[in-house]
Amino acid sequence: MNSTGKLRTALCAAGAFCLLIAMLFSSLRIVLNDEGRHAREYERLDVAAAMGMSDEDILRSLMKLVDYMEGRTDDIRLTVEVFGESVVMFNERETLHMVDVRELYLAWKTASYVLFALAAAAFACVALVERKRSLHTLCAGYVWGFCALGGVGACIAAWAAADFSSFWTSFHLLFFSNDLWLLDPRTSRMINMFPQDFFSNIILQFALLFLIPALLLLLLAAAHMIIHKRRAAKE
């Protein structure tokens, strides 16, 4: 492969990396917006009863947070019943923290659209220039882009598995400029409505939602490259 070919493959790899990052965040959005999924999880884990709330109120509280992050509502204020008493669901510290969360979420939402556009532009550029060889270059670029993201993801996953507390703290220190994310489980309903199993299952489901199409594309790209290599060897 000459230098021009390598450059085009690198462009496709960059496009694939952008595409996969955008797919990753989009998968998270799909899971977060799945109200039926949350209702089933809350029923299975019996979180509402442990908090002295009804299933309807805890689900309504979660979807209020999702709507707020998505920009569909301007605040997270709502009243619920806790052990038979009517109270405001989220306290002041939680409300202030969600302002930061929403800002970060919307920034990533915008970034995902930009990344999709960059990926499309990179792929279109190569397709227009190479024409007949474009599919091979796109496949090679996707494999390299997947490997690059896989390497980064493996390092992050290894860190989280080895010391989740360090990973979680570093994540918040990187993206937040204050300590509002340090919520007290004794007083924070926002913390208690996300027990470990609930949170872990969200991560698992959005990871699978991302990995299934991403791996399918990888298999198709790898299969094409193998077939292309065998045909080239016969010529």
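Right above here is the structure, for reference.
Residues numbered from 1 in each chain as written. Predicted model: local features only at pLDDT ≥ 70, side-chain atom pairs only at ≥ 80, totals over all residues. Heavy atoms only, no water.

Engineer: I tried to follow the overall build of the protein on my own but got confused; where do I start?
Structural biologist: Across its full length, the protein holds nine helices and two strands. The order of α-helices and β-strands along the protein, N terminus first, is α-α-α-α-β-β-α-α-α-α-α. Radius of gyration (C-alpha) of the protein: 22 Å, far over the 18 Å computed for a compact globule of 235 residues. Its C-alpha atoms put the protein at 80 × 35 × 35 Å along the principal axes. Among the 235 residues that make up the protein, the fraction classed as buried is 37%. Taking as baseline every contact in the protein between residues at least 6 positions apart, the subset at least 24 positions apart corresponds to 76%. Within the structure as shown, the protein displays about 13,800 Å² of accessible surface, and the carbon and sulfur contribution to it stands at 65%. Separation between the mean location of the 22 positive side-chain charges and that of the 24 negative ones in the protein comes to 18 Å. (Helix = DSSP H or I, 4+ residues; strand = E, 2+ residues; numbered from the N terminus. Rg over C-alpha atoms; globule rule 2.2 N^0.38 Å. Buried < 20%, exposed > 50% of the residue type's maximum accessible area, 1.4 Å probe, protein only. Contact = heavy atoms within 4.5 Å. Areas by Shrake-Rupley, 256 points an atom, 1.4 Å probe, with all protein chains shown as cover. Lys, Arg positive; Asp, Glu negative; His and termini not counted. Charge placed at Lys NZ, Arg CZ, Asp CG, Glu CD.)

Engineer: Explain helix H2 (residues 35-45) here, please?
Structural biologist: Along H2, the positions that sit buried rather than exposed are Arg-37, His-38, Glu-41 and Tyr-42. With its buried residues spanning 130 degrees around the axis, H2 presents them on a single face. In H2, the exposed positions that point more than 90 degrees away from the buried face belong to Arg-40, Glu-43 and Arg-44. Remark: Asp-46 follows H2 within two positions and exhibits a positive phi of approximately 55 degrees. (Arc of directions from axis to C-beta.)

Engineer: How should the pattern of salt bridges be read in this particular structure?
Structural biologist: Side-chain pairs of opposite charge can arise where the charged atoms are in close proximity. Going through the model one piece at a time under the given rule, you end up with 10 salt bridges. In this structure, Arg-8 engages Glu-130 in a salt bridge whose closest nitrogen and oxygen atoms are separated by 3.4 Å. Of this pair, Arg-8 sits in helix H1 (residues 3-32) while Glu-130 sits in helix H5 (residues 92-130), placing them 122 residues apart in sequence. Note on Arg-8: relative accessible area 27%, which makes it partly exposed. Across the salt bridge formed by Arg-77 and Asp-75, the nearest N and O atoms sit 3.2 Å from each other. Judged by relative accessible area, which is 62%, Arg-77 ranks as exposed. Using a relative accessible area of 25% as the deciding quantity, one classes Asp-75 as partly exposed. Where salt bridges share partners, they join Arg-29, Glu-70 and Lys-109 into one cluster. (Salt bridge = Lys/Arg side-chain N within 4 Å of Asp/Glu carboxyl O.)

Engineer: Help me out: how do you make sense of the packing of aromatic side chains in this one?
Structural biologist: Each aromatic ring pair is described using two quantities: the centre-to-centre distance and the angle formed by the ring planes. One pass over the full model with this rule turns up 11 aromatic pairs. Ring centres of Tyr-42 and Phe-198 lie 4.6 Å apart, and the angle between their planes is 15 degrees; this geometry places the pair in the stacked category. With Tyr-42 in helix H2 and Phe-198 in helix H9 (residues 196-234), this pair connects stretches of sequence that are 156 residues apart. Grouping residues by exposure puts Tyr-42 and Phe-198 together as buried. Aromatic pair Trp-168 and Phe-171: ring centres 5.7 Å apart, planes at 15 degrees, arrangement stacked. A residue pair is termed a helical-turn pair when its members lie 3 or 4 positions apart in one helix, as Trp-168 and Phe-171 do in helix H7 (residues 164-175) at three residues. (Phe/Tyr/Trp six-rings, centres within 6.5 Å; stacked < 30°, edge-to-face > 60°.)

Engineer: Honestly, the side chain of His-97 in this entry has me stumped. Any pointers?
Structural biologist: Summarising the element assignment, His-97 is placed in helix H5. When its relative accessible area of 7% is taken as the criterion, His-97 is described as buried.

Engineer: Whenever I open this one, a negative patch on the surface confuses me. Can you help?
Structural biologist: On the surface, Glu-43, Asp-46, Asp-55 and Glu-56 cluster together into a negatively charged patch. Relative to the helices and strands, Glu-56 is located in helix H4 (residues 55-70). (Patch = residues over 30% accessible without salt bridge, like charges linked within 9 Å, V, L, I, M, F, W, Y side chains within 5 Å.)

Engineer: I would appreciate a short explanation of the pairing of strand E1 (residues 79-82) in the present structure.
Structural biologist: Within a regular strand, the side chains alternate between the two sheet faces. What you see with E1 is a clean split: Val-80 and Val-82 sit on the buried side and Thr-79 and Glu-81 on the side with no burial. In this sheet, strand E2 (residues 85-88) lies alongside E1 in antiparallel orientation, the contact comprising four bridges. Within E2, the residue paired with Glu-81 across the bridge is Ser-86. Linking two consecutive strands that pair antiparallel, namely E1 and E2, is a turn of two residues; a positive phi of about 50 degrees is found at Phe-83 within it. (Pairing = 2+ DSSP bridges.)

Engineer: Which parts of the structure should I look at to understand the packing of H2 against H4?
Structural biologist: Any two packed helices are characterised by how steeply their axes cross, that is the angle between the axes, and by the distance between the axes. Viewed as axis vectors pointing N to C, H2 and H4 meet at an angle of 140 degrees, and their least axial separation amounts to 10 Å. Considering their axes alone, H2 and H4 lie oblique with respect to each other. Crossing angle aside, the handedness with which H2 passes H4 is right-handed. On H4, the residues that touch Glu-35, His-38, Ala-39 and Tyr-42 of H2 are Ile-58, Leu-59, Leu-62 and Met-63. (Axes fitted to C-alpha atoms, helices over the stretch in contact; angles between N-to-C directions. Parallel < 35°, antiparallel > 145°, perpendicular 65-115°, else oblique. Left-handed = near helix turned anticlockwise from the far one by under 90°.)

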